[in-house]
Amino acid sequence: MKLSLTAAHAALAISLLVGALPPVHAQTAAPATAPAAPESGGPVDPAKIQELVIANHVLTDLNVIDGFGHISMRHPGNPNRYLLSRSVAPALVTADDIMEYDLASNPVDAKGRNSFFERYIHGEIYKARPDVMAVIHTHSLGVIPFGIGGVPLRPVFLLGAFLSPSVPVFDIRKAAGQTNMLVGTPDLGKSLASTLGSRSVALLRGHGSVVVASTVPMAVFRAYYSNVNASLQSQAMALGGKVNYMEPEESQKTLATIENIHGRAWDLWKRAALEKMTAK
Ligand code: MN
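The shown structure was predicted, so the numbers you read here are calculated from the model rather than taken from an experiment. (Residues numbered from 1 in each chain as written. Predicted model: local features only at pLDDT ≥ 70, side-chain atom pairs only at ≥ 80, totals over all residues. Heavy atoms only, no water.)

Draft legend 1. The arrangement of the pattern of salt bridges in detail. For the structure shown, the criterion picks out 7 salt bridges. Residues Lys127 and Glu124 are paired through a salt bridge, measuring 3.1 Å at the closest nitrogen-oxygen approach. Of this pair, Lys127 and Glu124 both sit in helix α4 (residues 120–128), 3 residues apart, roughly one helical turn. Classification of Lys127 as partly exposed rests on a relative accessible area of 45%. Between Lys253 and Glu249 there is a salt bridge; the shortest N-O distance is 3.4 Å. (Salt bridge = Lys/Arg side-chain N within 4 Å of Asp/Glu carboxyl O. Helix = DSSP H or I, 4+ residues; strand = E, 2+ residues; numbered from the N terminus. Buried < 20%, exposed > 50% of the residue type's maximum accessible area, 1.4 Å probe, protein only.)

Structure follows, in structure tokens:
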């Protein structure tokens, strides 16, 4: 093929080449290093940190999470930061394990502590949902059948009303093909947040769930009753016959009641967890 290079083409090629070169001062700059860690969102009331620590223990005591799973809270003083324990089993979490992240899930000051591989779940949901102040990721056994079968998880009793009208399922294969099933990148976290939309709960196919709320106690309540509702729904279906689900209007009317009474359950769970924690 015959090449035809006009003067204009040549000038364009040269200008692109020159433009592609770094300026002289950049060539003498220090070698590239890792990006600076994000700044802290400021000090956090130790009582709020303690609430997050206790929530880790409550979720373990309630069998919502075991050696895996995690709960975070948005930084109370800076909406662009969140708090999450280092990579450790929730039952072992203490205040010293709580780390701060920006919403891209970069640690503010790791102090040698390892981060959860799936922390992007938290950062990307906080980005997408300004109303969310707490995020839980579980591998709860009770909800998993509803992420792998053809039956949606729906409210069957009053304390599961927040599941209305039904719970969406995030299928990582549809988002990214063949993977190791873990939400280990910002893009996967974003995709999961998109599936969650404005709901309180989403299931992860063959993996678990995410639960969100405007407080840590409410997130714990929803994570626990997601599991309970799933168990009751499974039992009702096993009995055979048509399952009589709560209507969306019933669920809506029930939500305000739950808002008012969920603290009663939290107080009980918290006391039991504290007794166990101090007995260790
Ligand atoms: Mn997981």
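Draft legend 2. Representation of the coordination of the manganese ion. Donor atoms from the polypeptide that bind the manganese ion are Glu118 (OE), His137 (NE2), His139 (NE2) and His207 (NE2), placed at 2.1 to 2.2 Å. In primary-sequence terms, the residues that donate to the manganese ion follow E-x18-H-x1-H-x67-H. On the criterion of sequence distance, the pair formed by Glu118 in the loop between β3 (98–102) and α4 and His207 in the loop between β6 (201–204) and β7 (208–213) is long-range, its members being 89 residues apart. Across the pair, exposure class does not vary: Glu118 and His207 are buried alike. (Donors = N, O, S within 2.8 Å, 3.2 Å for Na, K, Ca; no water.)

Draft legend 3. Here's a closer look at the packing of helix α3 (residues 46–61) against helix α8 (residues 216–239). Put simply, α3 and α8 touch, their axes get as near as 10 Å, and they point 10° apart. Comparing their axes, α8 and α3 come out roughly parallel. Within the contact between the two elements, α3 uses Glu51, Ala55, Val58 and Leu59 and α8 uses Val216, Pro217, Val220 and Ala223. Broken down by class, the residue content of the contact of α3 with α8 amounts to 7 nonpolar, no polar and 1 charged. (Axes fitted to C-alpha atoms, helices over the stretch in contact; angles between N-to-C directions. Parallel < 35°, antiparallel > 145°, perpendicular 65-115°, else oblique. Contact = heavy atoms within 4.5 Å. Nonpolar A, V, L, I, M, F, W, Y, C, P; charged D, E, K, R; others polar.)

Draft legend 4. The arrangement of α3 in detail. When the terminal C-alpha atoms of α3 are compared, their 22 Å separation across 16 residues agrees well with the 22 Å that a helix rising 1.5 Å per residue should span. The set of residues buried in α3 consists of Ile49, Glu51, Leu52, Val53, Ile54, Ala55, Asn56, His57, Val58, Leu59 and Thr60. Buried residues belonging to α3 abut β1 (70–74), β2 (81–85), β3, β4 (134–138), α8 and α9 (248–279). Here α3 starts with a cap whose side-chain oxygen sits 2.9 Å from the backbone nitrogen of Ala47, and that cap is Asp45. Asn63, located one to two residues past α3, shows a positive phi value of around 60°. (Expected span 1.5 Å × (residues − 1). Polar contact = N/O pair within 3.5 Å; in protein donor to acceptor, adjacent residues only side chain to side chain.)

Draft legend 5. Structural detail: helix α7 (residues 186–196). Among all positions of α7, only Leu188, Gly189, Leu192, Ala193 and Leu196 are buried. For α7, the buried positions fall inside an angular range of 140° around the axis, keeping them on one side. Exposed residues on α7 whose side chains face more than 90 degrees from its buried face are Asp187, Lys190 and Ser194. Contact partners of the buried residues in α7: α4, β5 (169–170), α6 (172–176), β6 and β7. (Arc of directions from axis to C-beta.)

Draft legend 6. View of the nonpolar core. Counting 47 residues, the largest nonpolar core has Val220, Phe221 and Trp269 as its most contacted members. The set of elements that each furnish at least two residues to this core consists of α3, β1, β4, β6, β7, α8 and α9. Here the element with the most residues in this core is α8; it accounts for 8 residues. The contacts of Trp269, once residues within four sequence positions are left out, are Val58, Leu62, Val220, Phe221, Tyr224 and Tyr225. (Core = buried A, V, L, I, M, F, W, Y, C linked by side-chain atoms within 4.5 Å.)

Draft legend 7. How the structure looks around the packing of aromatic side chains. Enumeration over the complete set of coordinates arrives at 7 aromatic pairs. Seen in terms of ring centroids, Tyr82 and Tyr101 are 5.3 Å apart; in terms of plane orientation they differ by 20°. Their pairing is stacked. Residue Tyr82 is located in strand β2, and its partner Tyr101 is located in strand β3; the two are separated by 19 residues in the primary sequence. When its relative accessible area of 0% is taken as the criterion, Tyr82 is described as buried. Residue Tyr101 is classed as buried on the basis of its relative accessible area, which comes to 0%. Considering the side-chain rings of Phe157 and Tyr225, the 6.0 Å spacing of their centres and the 50° angle between planes classify their relative orientation as tilted. Here Phe157 is found in the loop between α5 (145–148) and β5, whereas its partner Tyr225 is found in helix α8, with 68 residues between them in sequence. You can call Tyr225 buried: its relative accessible area is 14%. Linked through ring pairs, Phe157, Phe221, Tyr224, Tyr225 and Trp269 together constitute an aromatic cluster. (Phe/Tyr/Trp six-rings, centres within 6.5 Å; stacked < 30°, edge-to-face > 60°.)

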